[in-house]
Amino acid sequence: MIFDDLKSIMLNKHMIYVGLSLLGFQIAWNLVSTFIILFLKVELDIASSIAGLIGGSTMIVNVIFAPFIGRIYDKLTRKNNFNNDILLLLICGIVVSANIICLSLLNIYLLIPSILIIGIFISGGFVIPYALARRIVLEKLGLPKYEILAVSFVNGLSLLGAFWVPFVFSIVVKSFGYSLAWIFGGILVLVFIIPIIKIRS
């Protein structure tokens, strides 16, 4: 029955782990894209035009490097073996998390490379989970008709789960300042990505 197929996808723990990993990257993207320009203006007194240019560079490198991350992923992917996929996703997550934490140092010479690195590696955080969700449905569940549903499910989980983070980040900024807020953000990203190791082959 269709209902049983849907239930097996939406309650599958591997699908949930993939959704959580995507949620981690969604949190990172929300924090950087929402707060970085204001952070640059308020904390480092950078002009709006320059702050916008620096903040926008994250999106530019993200678009440029996404195909390269996808290419690397395709080369590492092996049928019925998810270890390389998980390793690449973890590397992307750890790099993104570490560079979000680096923003707390309030050093412009460290901050610009960190923003660019976040843009590069966060592309893997959006490319790999979608591909992983599709592979799980095909190779673990044997339900090829539901590839689109699998991708939609992990995407919906990440979007729904990330709505509260900007509110909490704002409260941390107001109470303790940007430095602690970026550390909190970086750790939070990693907390949601780490469970993906449970999908090891």
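Here is what the cut-offs are and how they apply
- Residues numbered from 1 in each chain as written.
- Predicted model: local features only at pLDDT ≥ 70, side-chain atom pairs only at ≥ 80, totals over all residues.
- Heavy atoms only, no water.
- Helix = DSSP H or I, 4+ residues; strand = E, 2+ residues; numbered from the N terminus.
- Expected span 1.5 Å × (residues − 1).
- Buried < 20%, exposed > 50% of the residue type's maximum accessible area, 1.4 Å probe, protein only.
- Contact = heavy atoms within 4.5 Å.
- Axes fitted to C-alpha atoms, helices over the stretch in contact; angles between N-to-C directions.
- Parallel < 35°, antiparallel > 145°, perpendicular 65-115°, else oblique.
- Left-handed = near helix turned anticlockwise from the far one by under 90°.
- Nonpolar A, V, L, I, M, F, W, Y, C, P; charged D, E, K, R; others polar.
- Polar contact = N/O pair within 3.5 Å; in protein donor to acceptor, adjacent residues only side chain to side chain.

### Regarding helix α3 (residues 48-76)
Part 1 of the argument: If you check α3, its first and last C-alpha atoms are 42 Å apart, about what 29 residues at 1.5 Å a residue would give, namely 42 Å.
Part 2 of the argument: The set of residues buried in α3 consists of A51, I54, G55, S57, T58, V61, N62, I69, G70 and Y73.
Part 3 of the argument: Check the buried side of α3 and you find it contacts α2 (13-44), α4 (83-102) and α5 (108-140).

### Brief notes about helix α6 (residues 147-161)
Part 1 of the argument: The end-to-end C-alpha distance of α6, which contains 15 residues, comes to 21 Å, matching closely the 21 Å that a straight helix rising 1.5 Å per residue would cover.
Part 2 of the argument: Among the structural elements, α1 (2-10), α2 and α5 are those in contact with the buried residues of α6.

### Brief notes about the packing of α2 against α6
Part 1 of the argument: Contact geometry of α2 with α6 gives a least axis separation of 8 Å together with a crossing angle of 45 degrees. On the basis of the axis angle, α2 is oblique to α6. Where α2 crosses over α6, the two elements pack in a sense that is right-handed. Two secondary-structure elements touch here, α2 through M15, I16, V18, G19, L20, L22, L23 and Q26 and α6 through A150, F153, V154, N155, L157, S158, L159 and G161.
Part 2 of the argument: Its residues placed into classes, the contact of α2 with α6 shows eleven nonpolar, five polar and no charged.

### Brief notes about the side chain of N99
Part 1 of the argument: With respect to the helices and strands, the residue N99 is situated in helix α4.
Part 2 of the argument: At 2.8 Å, the side chain of N99 and the backbone oxygen of V95 are in polar contact.
Part 3 of the argument: Apart from residues lying up to four places away in sequence, N99 is in contact with S114, I117 and I118.

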